[in-house]
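# Breakdown of the fold
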Amino acid sequence: MAEALNLTDDQRPERQAAALKLLDILEREAPFPGAARIGITGAPGAGKSTLLDALVRELRPRGETVAIVAVDPSSQRTGGALLGDRIRLRSGSSDPGVFIRSMAARDRLGGLSDATHAGVTILALVFDRVFIETVGVGQSEADVSRLVDTLVFVANPGTGDVLQFMKAGLLELPDIFLVNKADAGPIAERTVSELESGLSLGERSDAAWTPPVLLTSARDGSGVHQFVEALDAHRRHLQNDDRISQRRGEAARALVIGALQRRYGSFGLQQLGGLASLRSRLAEDPTPSAFTRIARLGAEIEEALRKSD
Ligand SMILES: Nc1nc2c(ncn2[C@@H]2O[C@H](COP(=O)(O)OP(=O)(O)O)[C@@H](O)[C@H]2O)c(=O)[nH]1
Ligand SMILES: [Mg+2]
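So, here's what we can say about the structure. It should be emphasised that the depicted structure is a prediction, and the values quoted were computed from it without experimental measurement. (Residues numbered from 1 in each chain as written. Chains lettered and ligands numbered in written order. Predicted model: local features only at pLDDT ≥ 70, side-chain atom pairs only at ≥ 80, totals over all residues. Heavy atoms only, no water.)

## Describing the pairing of strand β5 (residues 150-155)
Note the cut-off: To sort residues, take the accessible area from a 1.4 Å probe on protein chains only and compare it with the maximum for the residue type: under 20% means buried, over 50% means exposed, and anything in between is partly exposed. Secondary structure follows DSSP: runs of H or I at least 4 residues long count as helices, runs of E at least 2 residues long count as strands, and numbering of each begins at the N terminus. Here the rule is simple: two strands pair whenever DSSP picks up at least two bridges between them. Classification remark: right-handed applies to a crossover when, strands pointing away from the viewer, the course from the first strand over the helix to the second runs clockwise.
The element β5 is extensively covered by neighbouring structure, given that six of its six residues are classed as buried. Direction of pairing for strand β1 (residues 36-42) relative to β5: parallel, over a ladder of four bridges. Within the sheet, the bridge partner assigned to Ile 38 lies in β5 and is Thr 150. You can see the chain leave β5, run along helix α7 (residues 161-167) and come back into strand β6 (residues 176-179), and the turn it takes is right-handed.

Dropping the structure here:
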């Protein structure tokens, strides 16, 4: 697994080609639905890493294996590495049931790189749950929601991040809301009410799921058990009526469009006949993996651009 991750990180063209082949096979042939893919987003300091630490402690005794991808917008060295050290120190580095990988968001500040997509695809083959920790700075919520089945927003009470989140129109994305630092007292409960009233106003793409708003304290562990129950409830919800196929299909299409847009801009998409035409092409034949589609359509755009030169 570590070798596969290194392969996808390697920028040399022949290694990239091999990585693409591998990812394509993994994405198409992996057992369905496989690992639970969970995104944890929120402002820096909200307690995401501390919560993940508490989750590992809750899940490991049940025999569940856990992988964590910590996306760091600036460097490889901070959050994820620190979390890794913390968990390894406690559980002993010998626990093969926990794997932590930090990744820099290379493509764009705060955004998720293709390496994150690759990492999740590989880890999902091996572990029961794959968590992605990202810093919420607007675009990254949308990015991470395309890689996961369940998106969790962690609010830091009394900091105004909830208001900012609502203003940015992002309230519709998360499937579960956590107000962390419940040990901070009434201010945490006020944040719960703020979120609940915000949620009662908005519309959701999945009308059949009402996102719970839970109080947790990553520090003393309260609410963590209920959080895991909410994660499991959402997974069951997705598996009913096979919503999970639909969600992953939509997410994969959005992922392809996002990657092409990022690389070639809207001028690039025009080479494929524009966004609407690309959408219908993607809906027609769902067999190739997102990785293959990005590579093929990218080559098509480059070819068109060369011809028009
Ligand atoms: N009081 C309190 N502090 C917390 C809690 N969870 C995390 N913290 C603290 O908040 C700070 C940021 O936590 P961290 O997990 O690194 O946040 P992240 O940036 O969201 O990953 C650290 O000093 C934690 O000890 C909590 O439930 N209660
Ligand atoms: Mg962190």
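## What to know about the nonpolar core
The line we're drawing: Joining through side-chain atoms within 4.5 Å is the link that ties buried Ala, Val, Leu, Ile, Met, Phe, Trp, Tyr and Cys residues into a set, and such a set is a nonpolar core. Segmentation into domains, and thus their bounds, comes from an automatic or database assignment. Any pair of residues with heavy atoms lying within 4.5 Å of one another is described as a contacting pair.
Core analysis: the biggest nonpolar cluster contains 37 residues, and Leu 123, Ile 132, Leu 260 and Leu 278 have the highest contact counts within it. In terms of residue count, the dominant contributor to this core is helix α10 (residues 243-270) (six residues). For this core, the two domains that each supply at least three residues are domain 1 (2-241) and domain 2 (246-307). Sequence-distant contacts of Leu 260, that is, excluding residues within four places in its chain, are made with Gly 265, Leu 269, Leu 272, Leu 278, Ile 294, Leu 297, Gly 298 and Ile 301.

## Some words on a nonpolar patch on the surface
What counts is decided by this rule: In this scheme, patches are assembled from residues that exceed 30% relative accessible area and form no salt bridge. Like charges are connected within 9 Å, while nonpolar side chains (Val, Leu, Ile, Met, Phe, Trp, Tyr) are connected within 5 Å. Accessible areas in this description were obtained via Shrake-Rupley with a 1.4 Å probe; residue shielding takes into account the shown protein chains only. A pairing counts as a salt bridge when a side-chain nitrogen of Lys or Arg comes within 4 Å of a carboxyl oxygen of Asp or Glu.
A contiguous nonpolar patch, built from Met 1, Leu 125 and Val 126 and spanning about 240 Å² of accessible area, is present on the exposed surface. Look at Leu 125 and you get partly exposed, because its relative accessible area is 41%.

## Some details on the coordination of the magnesium ion (ligand 2)
Put simply, the test is: Counted as coordinating are nitrogen, oxygen and sulfur atoms within 2.8 Å of the metal, or 3.2 Å for Na, K and Ca, while water is not included, which may make sites look incomplete.
The magnesium ion (ligand 2) binds to the protein through Ser 49 (OG) and Glu 133 (OE); the donor distances cover 2.1 to 2.2 Å. Residue Ser 49 is located in helix α3 (residues 48-59), and its partner Glu 133 is located in strand β4 (residues 129-135); the two are separated by 84 residues in the primary sequence. Neither residue differs from the other here; Ser 49 and Glu 133 are each classed as buried.

## Quick notes on the site of ligand 1
Our working definition: Neighbouring residues are identified by heavy atoms, a residue being near a molecule or strand if any of them is within 4 Å of it. As used in this structure description, the phrase polar contact means that two N or O atoms lie within 3.5 Å; if the pair is within protein, one of them must be able to donate a hydrogen and the other to accept it, and residues adjacent in sequence are counted only when both atoms belong to side chains. All amino acids are sorted into three groups, where Ala, Val, Leu, Ile, Met, Phe, Trp, Tyr, Cys and Pro are nonpolar, Asp, Glu, Lys and Arg are charged, and the leftover types, Gly among them, are polar.
For ligand 1, the set of nearby residues contains 15 residues, the closest of which are Gly 45, Lys 48, Thr 50, Asp 183 and Ala 218. Interatomic distance of 2.8 Å between a backbone N/O atom of Gly 45 and an oxygen atom of ligand 1. Considering ligand 1 on its own, with 580 Å² of exposed area, one finds that the protein chains cover 72% of that surface. A per-element tally of the shell around ligand 1 places α3 first, with three residues. Residue classes in the shell around ligand 1 are distributed as four nonpolar, six polar and five charged.

## Regarding helix α1 (residues 2-9)
For the record, the criterion: Here the arc refers to the directions that run from the helix axis out to each C-beta atom.
Taken together, the buried positions of α1 are occupied by Ala 4, Leu 5, Leu 7 and Thr 8. Projected down its long axis, α1 carries its buried residues within an arc of 160 degrees, all on one side. Tucked into the core, α1 has its buried residues touching α2 (13-29), β3 (98-104) and α5 (114-123).

## Some thoughts on the packing of α2 against α5
The cut-off we apply is this: To get an axis, fit a line to the C-alpha atoms, keeping to the stretch in contact for a helix; angles then go from 0 to 180 degrees between the N-to-C directions. Orientation labels follow simple angle bins: below 35 degrees gives roughly parallel, above 145 gives roughly antiparallel, 65 to 115 gives roughly perpendicular, and whatever is left gives oblique. The hand of a helix crossing depends on one turn: near helix anticlockwise from the far one by less than a right angle means left-handed, and clockwise means right-handed.
Across the interface, α2 lies against α5 with an axial gap of 10 Å and an inter-helix angle of 55 degrees. Between α2 and α5, the crossing angle belongs to the class labelled oblique. For α2 against α5, the interelement crossing comes out left-handed. On α5, the residues touching Leu 23, Leu 26 and Glu 27 of α2 are His 117, Ala 118, Thr 121 and Ile 122. Taken together, the residues that form the contact of α2 with α5 break down as four nonpolar, two polar and one charged.

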